[in-house]
Structure formats: C-alpha cells, structure tokens
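Overview (structure and organization)
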Amino acid sequence: MTKPAVICAALSFAFAANAAWYWPFGDDEKEEPRVSELMEPAVDFIDRATDFAEQGKISEAVDAYRKALAELARIELENPERAGKPEFATLRNKRAYVMTSIDSLLLQQAHSNARAVSVTDTTELEKRWKAEQAERKAAEERAKMPKTSSERSTVTEEEADVRRERMESARDSLKRGELALAKASVKSLLAEKPNDAAALNMKAMIEVAEGDDAAAEETLRQLVMSNPRVHYGHYNLARLILRTRGEKGIEAARRAYRTGRDYCNGPVDPKLEDMLK
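This section reports on the structure supplied with the text. (Residues numbered from 1 in each chain as written. Predicted model: local features only at pLDDT ≥ 70, side-chain atom pairs only at ≥ 80, totals over all residues. Heavy atoms only, no water.)

Quick look at the environment of Arg254
Here Arg254 lies in helix 13 (residues 250–263). Linking Arg254 and Leu242, residues 12 residues apart in sequence, is a C-alpha distance of 9.2 Å. Excluding its chain neighbours within four sequence positions, the residues that come into contact with Arg254 are Leu276 and Lys277. (Helix = DSSP H or I, 4+ residues; strand = E, 2+ residues; numbered from the N terminus. Contact = heavy atoms within 4.5 Å.)

So, in structure tokens, the structure goes:
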C-alpha cells in the first residue's frame, strides 16, 4: 500500500461516522458532559452536609462541605477551557454557598461550645476559629496572586477561544492530510500546556494518521494519566486497543471504556459497547 493510501486509511479510522475518535470541540462537543453532571459528586456531599447540619452534627457537616469544595476545585482544574465560561457560573455560585455555610457552621459551633465550657476554654476556641478563618482568607489571597503558566488552573474566555481555534485549525489540517502542519500546531499547543487533554488527543490522532499506533497509544496513556476524568481519552484508548490488538485486547479495551463510563460519567457509546461484547 502506498503512503497516501496508508494516510487515507488512517484518516478514515480517525474520522469515521460519528467521529470514531471522540473530539472535545466542534461537531462532537455535545459529547462533553454538562456542568450539572460534573457536579453530581459535589452535590452529593452538599446534601450530606445539609442533613448533618439539620441533625446538629456540625463537625460532620463541615467535613462534607469541605469535600464538596475539593470536588468543585477538581472540576475546574480538569476543565480549564470551560472554567471561565458562563456555563460554570453555577459551579462558582455553589462554591460561594458552600464557603458561606462552612463559616456559618463554624461560628455556630463556637457559640455553642462557649456556653458549655469555661471562659478560658471559650477564649481558646475562639482563637482557633479566628486562626482557621485567617488561614482560609490567606489561601484566597494567594489564589488571587499572578501565577506561572504551569500553576494556572483557569484561563480567560478569550484565551480559551484562541486555543480552541488553534485546535480546530490543527484538526482541519489533519483532515486535509497536511500532517506536518497539524503536528506543528499541536506541538506549539503542548509546549504551552504539556498535559492538555484536547491537544494530546489530537497528537494521538496525528500519530494514527502517520501509522504509528505505538506512539498513539503512548500519547493516549499520557492523556488518561494526566487527565483521568476526561472520558474521551479512555474511549479513544479502548478504540485503539481494539484496532491494534483485536480479540487479544478486548479485556484491556473493556477496562478502558468502563473507566470512562463509571469514573468519568462518560456517555454511552452503543457502537463501542457492541464491539466489546
């Protein structure tokens, strides 16, 4: 088979009906989970915290709220291109509510304990409460300080739009078979952000088009290791394993797909599930 034929065959694999490879932008953007779906674990913790608070279990309620905050922070870290957009306003509002609830519960706890202990103990309790508040505010101030590119967890909407346009340009180059141009674009994107999920996904697609399945699998494994909650990385890894290993790889492919479904709340892929039976 000639080199152009190999490239065409690889591209047919990469861009088959309904996009054999999941793509986080453009035509496949509908596959991206809604913010409400991403926040389900955090909402569960908030519901538990509310129940604990109603039962007078202040410490348990605060602990559950803090777990909710951790989940909300994780969502923003794993979705930097979306975090600055209006769709994430719900998440930001939820975080503000949780932080206010924690402050209220801690104050309630301090007042409650003050009635049950000596004046000396009350003073110590209030000192601890004030120290905790000071520590939280200091953390908030640190979060507002300028960060290096490796430290930033969110990007502005304008920056996200620019990266999206560059990514779509790389995909268009790949579709036209202009592999060198697509590689240069993705190399630039990864130089700015080495573990960017979408850029790694595109890099793997280019490697498949070049006929380097081993490199593509290595890239996808980097994607799922650095972005474990991104479902399309697991799905594409499953597809590649099936394509390269056939029946021998079905168990590994099934594990990859189930991780994307169960751990990442990924959508059902009927075709892939049929292949994994």
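Some words on the pattern of salt bridges
As enumerated under the stated definition, the model contains 17 salt bridges in all. Note that Arg243 and Asp213 form a salt bridge whose closest N and O atoms lie 2.9 Å from each other. Here Asp213 lies in helix 11 (residues 213–226) and Arg243 lies in helix 12 (residues 231–245), a separation of 30 residues in the sequence. The exposure class of Arg243 is partly exposed, given its relative accessible area of 37%. Owing to a relative accessible area of 22%, Asp213 belongs among the partly exposed residues under this scheme. Note that Asp269 and Arg239 form a salt bridge whose closest N and O atoms lie 2.6 Å from each other. With Asp269 in the loop between helix 13 and helix 14 (270–275) and Arg239 in helix 12, the pair connects residues that are 30 residues apart, well separated along the chain. In terms of burial, Asp269 and Arg239 fall into one category: buried. Among the charged side chains, a salt-bridge network with shared partners connects Arg163, Arg166, Glu192, Lys193 and Asp196. (Salt bridge = Lys/Arg side-chain N within 4 Å of Asp/Glu carboxyl O. Buried < 20%, exposed > 50% of the residue type's maximum accessible area, 1.4 Å probe, protein only.)

Concerning the packing of aromatic side chains
Under the counting rule described, the total for this entry stands at 2 aromatic pairs. Aromatic pair Tyr65 and Tyr97: ring centres 6.4 Å apart, planes at 80°, arrangement edge-to-face. You can see Tyr65 sitting in helix 4 (residues 58–78) and its partner Tyr97 sitting in helix 6 (residues 89–116), a full 32 residues away along the chain. A residue is classified by how much of its surface remains accessible, and Tyr65, at 4% relative accessible area, is buried. A relative accessible area of 42% places Tyr97 in the partly exposed class. Pairing Tyr235 with Tyr257 gives two aromatic rings, centres 5.0 Å apart and planes at 45°, and the pair type is tilted. Residue Tyr235 is located in helix 12, and its partner Tyr257 is located in helix 13; the two are separated by 22 residues in the primary sequence. You can call Tyr235 buried: its relative accessible area is 0%. With relative accessibility at 2%, the residue Tyr257 sits in the buried group. (Phe/Tyr/Trp six-rings, centres within 6.5 Å; stacked < 30°, edge-to-face > 60°.)

Observations concerning a negative patch on the surface
A cluster of acidic side chains, namely Glu40, Asp44, Asp47, Asp51 and Glu54, defines a negative patch on the protein surface. Considering the arrangement of structural elements, one finds Glu54 in helix 3 (residues 40–54). Exposure remark for Glu54: the relative accessible area of 67% places this residue in the exposed category. (Patch = residues over 30% accessible without salt bridge, like charges linked within 9 Å, V, L, I, M, F, W, Y side chains within 5 Å. Areas by Shrake-Rupley, 256 points an atom, 1.4 Å probe, with all protein chains shown as cover. Lys, Arg positive; Asp, Glu negative; His and termini not counted. Charge placed at Lys NZ, Arg CZ, Asp CG, Glu CD.)

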